[in-house]
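Analysis of the macromolecular model
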Amino acid sequence: QYAPINAAPLGFQAIGTAGADGNPPTAAELRGSRATRTGLYALDDVAAFTMLAIPEASRLGSTANLASVMGAAISYCQERRAMVFIDPPLGTDTIEECEAWLDEIANAGLRSEYAVASVPNVQVPDPGMDNRPRSVAPSGTTAGIWARTDGQVGVWKAPAGITSRLNNVLALDFAMTDPENGVINPLGLNALRNFDIPGNVAWGARTLAGA
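Below: a short report on this structure. (Residues numbered from 1 in each chain as written. Predicted model: local features only at pLDDT ≥ 70, side-chain atom pairs only at ≥ 80, totals over all residues. Heavy atoms only, no water.)

Attention now goes to the environment of Gly-32. Relative to the elements of secondary structure, Gly-32 occurs in the loop between helix 1 (27–31) and strand 1 (51–53). A sequence separation of 37 residues divides Gly-32 from Val-69, and the C-alpha atoms of the two residues are 8.9 Å apart. The contact partners of Gly-32, leaving out residues within four places of it in the chain, are Thr-38, Gly-39 and Tyr-41. (Helix = DSSP H or I, 4+ residues; strand = E, 2+ residues; numbered from the N terminus. Contact = heavy atoms within 4.5 Å.)

This is how it looks when you write it as structure tokens:
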């Protein structure tokens with residue numbers, strides 16, 4: 001906006017008040033209440049769903065907090081005949097740490113035929129950081145593979161293998177070897193792998209019930 005000629009210039013707009021991102025959701029907020037249809041129980045208003053991912057639960061800081069959310073999610077998904085994805089915490093970047101995490105969630109009662117977990121975390125371009133890679137939980141990526149496989153082939157096809165490419169994934173947090181893959185696969189922990197051809201793929205589709 002411009003001032004008329006020979007008139008006093010208009011003042012500049014004042015600097016706005018900075019916004020706030022707020023605090024991360026707590027375990028209680030993610031779990032919610034059935035009575036008020038909050039948290040995961042907001043899905044009571046959805047006629048049908050097949051997959052549930054709560055990547056924020058991987059940032060709750062303790063296995064107890066994770067279990068308080070995902071235990072409720074497993075029970076809810078069993079009731080609704082759906083599958084729930086459980087994510088490892090960020091920084092789980094060796095096969096030994098993957099095994100230790102699997103032991104922790106098993107001891108917390110999270111082994112279920114209605115639950116699935118994949119490792120490692122994936123690196124995706126972050127628009128807020130000029131598309132530089134940022135490590136995130138893999139559940140969104142793996143849920144997308146499941147949906148794509150169901151839509152393009154059918155629900156009878158396992159969402160894994162050379163056709164199960166990880167779209168928009170720049171890299172994986174660590175490269176898994178064949179022997180390491182062989183360790184976690186019978187335990188019900190699915191590997192995300194990188195090969196020269198076809199690149200980053202899902203290389204397992206077992207549930208957390210294990211072999």
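On to the sheet that holds strand 5 (residues 132–136). Strand pairs in the sheet, formed through backbone hydrogen bonds, run parallel or antiparallel to each other. The 3 strands are arranged 5-4-6 in an open sheet whose pairing can be described as antiparallel. Of all strands in the sheet, those bounded by a partner on one side alone are strand 5 and strand 6 (171–172). With 2 bridges joining them, strand 4 (residues 122–126) and strand 6 adopt antiparallel strand pairing. When the bridges of strand 6 are listed, Gln-123 appears paired with Ala-171. (Pairing = 2+ DSSP bridges.)

Summed over all chains, the structure comprises 6 salt bridges. With a closest N to O distance of 2.7 Å, Arg-34 and Glu-79 form a salt bridge. Within this pair, whereas Arg-34 is found in the loop between helix 1 and strand 1, its partner Glu-79 is found in helix 2 (residues 63–80), the two being separated by 45 residues in sequence. Linking Asp-130 and Arg-132 is a salt bridge whose minimum nitrogen-to-oxygen distance equals 3.7 Å. Asp-130 gets classed as exposed once you look at its relative accessible area, which sits at 65%. (Salt bridge = Lys/Arg side-chain N within 4 Å of Asp/Glu carboxyl O. Buried < 20%, exposed > 50% of the residue type's maximum accessible area, 1.4 Å probe, protein only.)

Here the focus is the nonpolar core. Met-70 and Ile-86 are the most contacted members of the largest nonpolar core, which has 37 residues in total. When residues of this core are assigned to their parent elements, the largest contribution, 9 residues, is made by helix 2. Setting aside residues up to four positions removed in sequence, Met-70 forms contacts with Ile-54, Ala-57, Val-84, Phe-85, Ile-86 and Leu-110. (Core = buried A, V, L, I, M, F, W, Y, C linked by side-chain atoms within 4.5 Å.)

To continue, consider the side chain of Asn-185. With respect to the secondary-structure elements, Asn-185 resides in the loop between helix 5 (178–184) and strand 7 (189–195). In this structure Asn-185 touches Gly-204 and Arg-206, once residues within four positions along its chain are discounted.

Take the sheet that holds strand 7 next. Ordered by their spatial adjacency, 5 strands build an open sheet running 1-2-3-7-8, and the pairing between neighbours is mixed. Of all the strands in the sheet, just strand 1 and strand 8 (199–202) have a single pairing partner and so form its edges. Sheet twist, expressed as the mean angle between neighbouring strand axes with direction ignored, is 25°. Direction of pairing for strand 3 (residues 115–119) relative to strand 7: parallel, over a ladder of 3 bridges. Bridge pairing in strand 7 links Ser-118 to Asn-190. Where helix 2 meets the sheet, it contacts strand 1, strand 2 (83–86) and strand 3, and its direction lies at approximately 160° from that of strand 2. (Axes fitted to C-alpha atoms, helices over the stretch in contact; angles between N-to-C directions.)

Let's shift gears to the pairing of strand 8. Relative to strand 8, strand 7 runs antiparallel, the two being bridged by 4 bridges. Each bridged residue has a counterpart across the sheet, and for Arg-193 the counterpart in strand 8 is Val-201. Connecting the antiparallel pair strand 7 and strand 8 is a turn made up of 3 residues.

This brings us to helix 2. With 18 residues, helix 2 ought to run about 26 Å at 1.5 Å a step, and its terminal C-alpha atoms sit 25 Å apart, in line with that. Buried within helix 2 we find Leu-66, Ala-67, Val-69, Met-70, Ala-72, Ala-73, Ile-74, Tyr-76, Cys-77 and Arg-80. Turning to helix 2, the residues buried within the fold contact helix 1, strand 1, strand 2, helix 3 (95–107) and strand 3. With its phi angle positive at about 60°, Arg-81 sits one or two positions after the end of helix 2. (Expected span 1.5 Å × (residues − 1).)

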